[in-house]
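Coordinate inspection notes
Chain residues, written in single-letter form:
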Amino acid sequence: QVQLVESGGGLVQAGGSLRLSCAPSGRTFSTYAMGWFRQAPGKEREFVAAITWLTGVTNYADSVKGRFTISRDNTKNTVYLQMGSLKPEDTALYYCAAKKSPRPTYDYWGQGTQVIVSS
């Protein structure tokens, strides 16, 4: 059974930092791409960042470029989202997701971790 478990969310002041973690299990993810998405109250879920597990190639939403960094640690089988210069508009439920690279659709999703940025 595939599981994606997120952690690291919390309450932070504007300008602060947080690091989210995602630990996938249940299969081999070496040929997968891992993504982070977020959904704010009353808004649709949106893409934040993604990384290809094998090559480490990354891409980001324009809204987070230069502030967020996605990375993976093969030894710990964990994907991270380092978030800096946080803004109140970054407040959302953040989800980790996985898809078979290079397919466009994400197949597996975590339960989400809440990030609240206070002004």
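Residues numbered from 1 in each chain as written. Predicted model: local features only at pLDDT ≥ 70, side-chain atom pairs only at ≥ 80, totals over all residues. Heavy atoms only, no water.

Section: the overall build of the protein chain
Cut-off, in case you're wondering: For helices the rule is a DSSP run of H or I covering at least 4 residues; for strands it is a run of E covering at least 2, with both sets numbered from the N terminus onward. Only protein chains enter the accessibility calculation, which uses a 1.4 Å probe. A residue is then buried if its area is under 20% of the maximum for its type, exposed if over 50%, and partly exposed in between. Using a 1.4 Å probe, the Shrake-Rupley method yields the accessible areas, and only the shown protein chains count as cover for residues. Neither His nor the chain ends is counted toward charge; the positive residues are Lys and Arg and the negative residues Asp and Glu. All charge positions are set by atom: Lys at NZ, Arg at CZ, Asp at CG, Glu at CD.
For the protein chain, the count of helices and strands is zero helices and 11 strands. For the protein chain, the N- to C-terminal ordering of α and β elements is β-β-β-β-β-β-β-β-β-β-β. Dimensions along the principal axes, computed over C-alpha positions, put the protein chain at roughly 40 × 25 × 25 Å. Going through the 119 residues of the protein chain one by one, you find that 42% of them count as buried. With the model as given, the accessible surface of the protein chain reaches about 6,300 Å², and the carbon-plus-sulfur share is 48%. Across the protein chain, the centroid of the 13 positively charged side chains sits 6 Å from that of the 8 negatively charged ones.

Structural notes on the environment of T75
Put simply, the rule reads: Any pair of nitrogen or oxygen atoms within 3.5 Å is treated as a polar contact; in protein, a donor-acceptor pairing is required on top of that, and neighbouring residues in sequence qualify only through side-chain atoms on both sides.
If you trace the backbone, T75 turns up in the loop between β7 (68-73) and β8 (78-83). Overall, the relative accessible area of 74% leaves T75 in the exposed class. Sequence separation between T75 and G9 is 66 residues, and the spatial gap between their C-alpha atoms is 22 Å. Among the polar contacts listed, one links the side chain of T75 to the side chain of D73, at a separation of 2.5 Å.

Structural notes on the state of the cysteines
Using the following cut-off: The disulfide criterion is simple: two cysteine sulfur atoms within 2.5 Å.
Inspection of the entire model under this criterion finds one disulfide. The disulfide bridge from C22 ends at C96, spanning 2.0 Å between sulfur atoms. Across the S-S bond linking C22 and C96, the dihedral sits near -75°, which makes this disulfide left-handed. Note that C22 is positioned in strand β3 (residues 18-25) and C96 in strand β9 (residues 92-100), a separation of 74 residues in sequence. Of the two residues, C22 and C96, both sit in the buried class.

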